[in-house]
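# Architecture and fold: a report
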Amino acid sequence: MPIATRIEVGTRPGFKDSRAASISRQIVDYLGLSVSSVRTRDVYHVVPALAEPDAGRIAAEFAGPVLRQSAVGRLDDGRFDVAVTVGYKPGVTDPVAKSAKICIEDLLGRPLGEGSAVFSSRVVLMSGVTKPQAERIARELLANEMIERLTVETESEWNAHPPDLSVPRVSEIPPPVVETVSLDLSDEALIELSRARLLALTLDEMHTIQRFYREHGASTQRATRGLPVWPTDVELECLAQTWSEHCKHKIFAADVQYRAPGQAPQQIRSLFKTFIRGTTEAIDAAIVSREGKSWLVSVFHDNAGVIAATPKHHLVYKVETHNSPSALDPYGGAITGIVGVNRDPFGTGIGSDLLTNVWGYCFGPGDWKQELPKGLLHPRRIREGVHRGVIDGGNQSGIPYGRGWELFDERFIGKPLVYCGTVGRMPVTVAGKPAHLKGARAGDRVVMVGGRIGKDGIHGATFSSAELTEESPVQAVQIGDPVTQKMMFDFLLEARDLGLYSSITDNGAGGLSSSVGEMAGSCGGAELELSRAPLKYQGLAVWEVLLSEAQERMTVAVPPANLDAFLELAARREVEATDLGRFTDDGAFHVMNRGRSVLWLPLSFLHDGLPAMQLQAEFVPPSPRAWIVSNPPADGAAGAALAAQFLARPNLASNETLARTYDHEVKALTVVKPWIGVKRDVPSDASVFQIAHGGWDAYALAEGVFPSYSDVDAHAMAQAGVDLSIRRLLAAGARLDRIAALDNFCWPDPLPSSSNPDALHKMAQLVRACSGLSEICIAYGVPLISGKDSMKNDAVIGGKRISIPPTLLISAIGLLGDARRALTLQPRGAGEALVVVGETNDELGGSEWATARGVAATSVPRCHSKDWIERYRKIAGAIADGLVHSAHAPGLGGMLPALFRMARSGGVGLTADLAQLPGPAGLGWEARLFSESCGRMLLTCAPQRLAALVGALDGEPLQVIGETNASGRLTLTLGVQRTLVDADLAPLARAWGSLA
């Protein structure tokens, strides 16, 4: 009898194999090869082998009656030249196989039994290619050898072996052994130990651990538990995870000596406490003074920020990055990013319903044709994998996407930036208690819920705290399983409403080490028995069980009286839940395995023993570079050609083709869609959502990000991101006094080393970004309620360092009183007056036009937030009073793309005289078309309401520059003497929609 049953499923002849068509296109477009035909198969190996009737029935069910066909063994529908088989390596999560196993057991009406398994793989059959060509296709297009195994065989080789030969074999692993790690080492040996174990700890931190064990290693507490004088590997790995940059934000917590030309040195005690927490505390005090109470419900001490929204609900928001894993495995890294950030709002307070996902990506150029350093994936492959991962993670979780954007720069070739965020809705009270409050109590049981523990995600926290190298570990990559997570969420919400648990958090970076270690802080201790933990497979080291970041897991604190009810409900909902220990109040984190102590650490040392970094920062401003003026277009037709070329740039072009593959309608709460206009193809300034069915209370989401400005000054970069996000929310009708922001810092390594000579400047840019962020948020009254920093976004490959530009993403959330009054950038028709509020300045440095022209000017846009806050109040008031038909916040690319989008969205023509733009005298044509000056808003209104609008904005720099019309053309002039652009909108739209 065969050791396994092989079931193969493919498309029936005569029907389109869409996956094969996509692969064929990529072979031609990406690799420049030709292929005559491609067919694909999904393969499932079931171990042990099924009885023949059962196998046939399951194969038929997997195929269905119409489009697909199946066979037990192999399908035979014609000849081919080469077969490529791709499947996950042993130890890597296989979500398809997990779902297949559940389906098989449901169809059979019985479990497959102990030791059974299902493995999935994909087969691509190609004709018209040679085996060497197929090997290139497999490695560059079809498989990621970091996490997947592949075989490439000719037809004769394929037919020569039995169908079950490719069943994965998991290597025999010896029983786990807990090691004692001596720290009686020289400084050089301590550094090598940190490097070899991927601890990502500095020499100072290794000294601190060394000193702790020298002083306390022989303590009575350790001796009575049978623990050695030096740390076990479990303890050392737990400390490294807890003290990682990813978890402790050491750079943001450091003592920083900042120097800049012409200024006295400045000593900063923690960027976070000074510029982030300090900013929000100052704004919160002002809110309380003004309104008598705060609308900030929970900030800085939970998984996500919480703001008050309605009498029944709070809103919860968190944005994360998953850069390093996405560089190694774009699909797995990105799907883990989205399902991982879903768990943050879900695990905030006592739990939240999930409403909306957001995403944003920074990639290398998709048309990159130069040779890539070994170990780096092509940006095009990263882009497609990341999109597919976030789509699968979000859509399969039943959560709509609300915002999405992409930016391209060759400096993101080393590491892409992959932002994923989630908004949740928290009841004000649950089971009669405030839902934002939680806390484990001594005696509560430690219960792990959801997926099992595997080798995926080992060292994820420390890996993301280091630069990417040729030695980056496969086990750091995780594969998300949204179906398992959705089942877990549904169960936990039911348990929440029944009041069955007292605290919850996710098993994110660091797994049980992180979740239990953090939750123990609320009561004063915890005790775990790791041998109870459910594993995907045997053979994991004990420290791996504690630290694995394998996905779809939450940790909850369950009062003993509720334990049976909690576990019974989990069983009924087919969600695995395991009692692993108890919370205590003895001041220590205590971990055992099979009754033997393997870790005992005082919480005071685990959480507070980390020494503060002492960092230097020195700002070196770039030498002033004036803008190099170019000649304007000869006439309107030449301007039309220029406009089409500019709108087709990847950073400006429409990414609707990919974005439409995400679902933005599920849950039926989306009011202003991500794509709006008469053809539903223009990105909205902000997206607007009802908070709950049955009411019109709403919230809006927007963002701002300008990494290119950091080439001159990260202070300007940070402020521009805040300013744009606020203007976008105002353009949607949000209340200015109910806007909160999230800060996500992605930075190149600011720590000095021989291979990082400009580290002090990178650190200074971080200081300047934080300072600029604080200044503008205080001026606008916008608190920072959550955020994240990713500080090692460098790839060092073959001795060459590729660093990203310093990048701060601002994600803003604002409240609307009535979703039905939400606004968009879409004019209502012809004959509307076009009004510009705010000055256009000669600020082309760092702009998209500067990049297009290759001009490195230093005149980046600067914000004057103290002067603009009153302007924004007036604009918000005019919108609330119904004086405005449409509103748009110009951003990347300046006025040209802003005016094009307004015309396109309304299906109208538009005429504007850019000589009328408010601004200094003598402003050049390039600044009028392409300057990205902040503080500006484009408004349209009915002619009969124009005087009222002008009156409402009295005292602000305002001009009527044109009107909408029925011409179907975009006509931009510079006074009566010169036409800059005269273009039919249709060809402009075709050029703009060229980003596939």
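Residues numbered from 1 in each chain as written. Predicted model: local features only at pLDDT ≥ 70, side-chain atom pairs only at ≥ 80, totals over all residues. Heavy atoms only, no water.

Scanning the chain from terminus to terminus reveals 30 helices and 41 strands. Seen through its principal axes, the chain has C-alpha atoms that stretch 85 × 70 × 60 Å. Within the chain, the proportion of its 996 residues that are buried is 62%. Counting contacts in the chain only where the partners sit at least 6 residues apart, residues at least 24 apart contribute 81% of the total. (Helix = DSSP H or I, 4+ residues; strand = E, 2+ residues; numbered from the N terminus. Buried < 20%, exposed > 50% of the residue type's maximum accessible area, 1.4 Å probe, protein only. Contact = heavy atoms within 4.5 Å.)

The next thing to look at is the sheet that holds strand E6 (residues 148–154). Pairing within the open sheet is antiparallel, and its six strands lie in the order E3-E1-E2-E5-E4-E6. At either margin of the open sheet sits one strand with a lone partner, and together these are strand E3 (68–72) and E6. Put simply, the sheet's adjacent strands are angled 20 degrees from each other on average, direction ignored. Seen against the sheet, helix H2 (residues 52–63) touches strand E1 (5–11), strand E2 (37–47) and E3 and runs at an angle of roughly 160 degrees to E3. Packing of helix H3 (residues 95–108) onto the sheet brings it into contact with E2, strand E4 (82–88) and strand E5 (117–127), and relative to E5 it is tilted by some 120 degrees. (Pairing = 2+ DSSP bridges. Axes fitted to C-alpha atoms, helices over the stretch in contact; angles between N-to-C directions.)

To continue, consider the pairing of strand E8 (residues 266–269). Bridge analysis of strand E7 (residues 255–259) against E8 gives four bridges, and the strand direction is antiparallel. Note on E8: the bridge partner recorded for Tyr258 is Gln266. In this antiparallel pair of consecutive strands, E7 and E8, the connection spans six residues, and Gly262 shows a positive phi of 75 degrees.

Overall, the coordinates contain 27 aromatic pairs when judged by the stated rule. Where Phe212 meets Phe605, the ring centres are 4.0 Å apart and the plane angle is 10 degrees; that geometry is what we call stacked. Of the two residues, Phe212 sits in helix H7 (residues 203–216) while Phe605 sits in helix H20 (residues 603–608), which places them 393 residues apart along the sequence. The residues Phe212 and Phe605 share a single accessibility class, namely buried. Measuring from ring centre to ring centre gives 5.2 Å for Phe689 and Tyr699, while their planes differ by 25 degrees; the resulting arrangement is stacked. One end of the pair, Phe689, is in strand E28 (residues 687–690); the other, Tyr699, is in strand E29 (residues 698–704), and ten residues separate them in sequence. Using a relative accessible area of 0% as the deciding quantity, one classes Tyr699 as buried. (Phe/Tyr/Trp six-rings, centres within 6.5 Å; stacked < 30°, edge-to-face > 60°.)

Pairing between side chains becomes possible if they bear opposite charge and their charged atoms approach one another. The full count for this structure, using the stated rule, is 59 salt bridges. Taking the shortest distance from any N to any O, the salt bridge between Asp681 and Arg904 comes out at 2.7 Å. With a gap of 223 residues between them, Asp681 in the loop between strand E26 (675–676) and strand E27 (682–683) and Arg904 in helix H27 (residues 895–906) connect regions that are remote in the sequence. Residue classification places Asp681 among the buried residues on the basis of a relative accessible area of 9%. Here Arg862 ties to Asp713 by a salt bridge, and the two come within 3.1 Å at their closest N and O atoms. Of the two residues, Arg862 is situated in the loop between helix H25 (848–853) and helix H26 (865–880) and Asp713 in the loop between E29 and helix H23 (714–731); the sequence distance between them amounts to 149 residues. A relative accessible area of 3% places Asp713 in the buried class. Salt bridges here are not isolated pairs; linked through shared partners, they connect Arg290, Glu291, Arg735, Asp737 and Arg738. (Salt bridge = Lys/Arg side-chain N within 4 Å of Asp/Glu carboxyl O.)

In this section: H26. Under the 1.5 Å per step criterion, the end-to-end length of H26 is 22 Å for 16 residues, consistent within 8% with the ideal 22 Å. Along H26, the positions that sit buried rather than exposed are Ser865, Trp868, Ile869, Arg871, Tyr872, Lys874, Ile875, Ala876, Ala878 and Ile879. Taken together, the buried residues of H26 touch H23, helix H24 (759–780), strand E35 (833–837), strand E36 (886–888), strand E38 (937–941) and helix H29 (946–952). Count one or two residues on from H26 and you reach Gly882, which has phi positive near 75 degrees. (Expected span 1.5 Å × (residues − 1).)

Below, the discussion takes up a nonpolar patch on the surface. A grouping of Phe15, Val66 and Leu67 is seen on the molecular surface, where their side chains present a nonpolar patch of about 280 Å² in accessible area. Checked against the element boundaries, Val66 lands in the loop between H2 and E3. (Patch = residues over 30% accessible without salt bridge, like charges linked within 9 Å, V, L, I, M, F, W, Y side chains within 5 Å. Areas by Shrake-Rupley, 256 points an atom, 1.4 Å probe, with all protein chains shown as cover.)

Of the residues in the chain, 95% reach a pLDDT of 70 or more, and the chain-wide mean stands at 91. The low-confidence segment residues 460–476 (pLDDT under 50) makes 68 contacts with residues lying over four places distant or belonging to another chain. (pLDDT = per-residue confidence, 0-100.)

Now for the environment of Ile810. Along the chain, Ile810 falls in strand E34 (residues 807–816). Between the alpha carbons of Ile810 and Ala720 there is a distance of 9.4 Å; along the sequence they are 90 residues apart. Those residues within four positions of Ile810 in sequence are excluded, and the remaining contacts are Ala702, Glu703, Gly704, Gly721, Val722, Ser725, Ala741, Leu742, Asp743 and Leu773.

Okay, the nonpolar core next. Counting 161 residues, the largest nonpolar core has Tyr699, Phe745, Leu766, Leu773, Tyr780 and Leu899 as the members making the most contacts within it. Top element by residues in this core is H24. It accounts for eleven residues. Ala526, Ala533, Leu540 and Phe583 belong to the second largest nonpolar core, which has 51 residues in total. (Core = buried A, V, L, I, M, F, W, Y, C linked by side-chain atoms within 4.5 Å.)

If you walk through the whole model with that rule in mind, you get zero disulfides. Here Cys863 is not cross-linked by a disulfide; its sulfur's nearest cysteine counterpart is in Cys934, at 3.7 Å. (Disulfide = S-S within 2.5 Å.)

Ordered by their spatial adjacency, seven strands build an open sheet running E18-E20-E17-E21-E19-E22-E23, and the pairing between neighbours is mixed. Unpaired on one side and paired on the other, strand E18 (503–506) and strand E23 (596–602) mark the two borders of the sheet. Across the sheet, the mean angle separating the axes of adjacent strands is 25 degrees when strand polarity is ignored. Against the sheet, helix H9 (residues 233–242) engages strand E22 (588–593) and E23, with an angle of about 35 degrees to E23.

This part takes up empty space enclosed by the protein. Applying the stated criterion across every chain yields a total of seven cavities of 30 Å³ or more. By volume, the largest cavity is sized at about 630 Å³. Breaking the lining of the largest cavity down by element, the ones donating at least two residues are strand E13 (401–408), E29, H23 and H27. In terms of residues, the lining of the largest cavity owes the most to one element, E13, which gives six residues. Among the residues forming the lining of the largest cavity, the class breakdown is 20 nonpolar, nine polar and six charged. Considering only enclosed or pocket space, the second largest cavity measures out at about 80 Å³ in volume. (1 Å grid on protein atoms, 1.4 Å probe; cavity = no way out; pocket = protein on both sides within 12 Å on 5 of 7 lines; lining within 4 Å. Points joined across faces, edges and corners; volume = space filled by probe spheres on them. Nonpolar A, V, L, I, M, F, W, Y, C, P; charged D, E, K, R; others polar.)

Next up on the list: the packing of H27 against helix H30 (residues 985–992). Where H27 meets H30, the axes come as close as 11 Å, and the angle between the chain directions of the two elements is 110 degrees. With respect to H30, the axis of H27 lies roughly perpendicular. Every pair of crossing elements has a handedness; the one defined by H27 and H30 is left-handed. Note on element contacts: H30 touches H27 through Leu985, Leu988, Ala989 and Trp992, opposite Phe900, Arg901, Ala903 and Arg904. Its residues assigned to classes, the contact of H27 with H30 shows six nonpolar, no polar and two charged. (Parallel < 35°, antiparallel > 145°, perpendicular 65-115°, else oblique. Left-handed = near helix turned anticlockwise from the far one by under 90°.)

Moving on, we come to H23. Relative to the 26 Å expected for 18 residues at 1.5 Å per residue, H23 spans 26 Å between its end C-alpha atoms, a close match to the ideal helical length. Counting buried residues in H23 gives 18 out of 18 residues, a clear majority hidden from the surface. For H23, the capping residue at the N-terminal end is Asp713, with a side-chain oxygen 3.0 Å from the backbone nitrogen of His715. Taken from the residues just after H23, Gly733 is the one with a positive phi, measuring 100 degrees. (Polar contact = N/O pair within 3.5 Å; in protein donor to acceptor, adjacent residues only side chain to side chain.)

For the rest of this paragraph, the subject is the side chain of Thr279. With respect to the element layout, Thr279 can be found in helix H11 (residues 271–291). Accessibility expressed as a relative area gives 1% for Thr279, which makes it buried. For Thr279, the contacting residues outside a window of four places in its chain are Thr274, Ser774, Cys777, Ile778 and Leu784.

Before going further, it helps to spend a moment on the environment of Ser865. Locating Ser865 in the fold gives a position in helix H26. Owing to a relative accessible area of 8%, Ser865 belongs among the buried residues under this scheme. Linking Ser865 and Leu142, residues 723 residues apart in sequence, is a C-alpha distance of 50 Å. Every residue in contact with Ser865, bar those within four places of it in the chain, is listed here: Glu775, Ile776, Ala779 and Tyr780.

Here we come to unusual backbone geometry. Residue Val47 is joined to Pro48 through a cis peptide bond whose omega torsion reads -5 degrees. Positioned with a positive phi, Ala200 is a non-glycine residue whose angle comes to about 55 degrees. Residue position: Ala200 is located in the loop between helix H6 (187–196) and H7. Positive phi is not limited to glycine here, since Phe300 has a value of about 75 degrees. Tracing the backbone through its elements, the reader meets Phe300 in the loop between strand E9 (296–298) and strand E10 (305–308).

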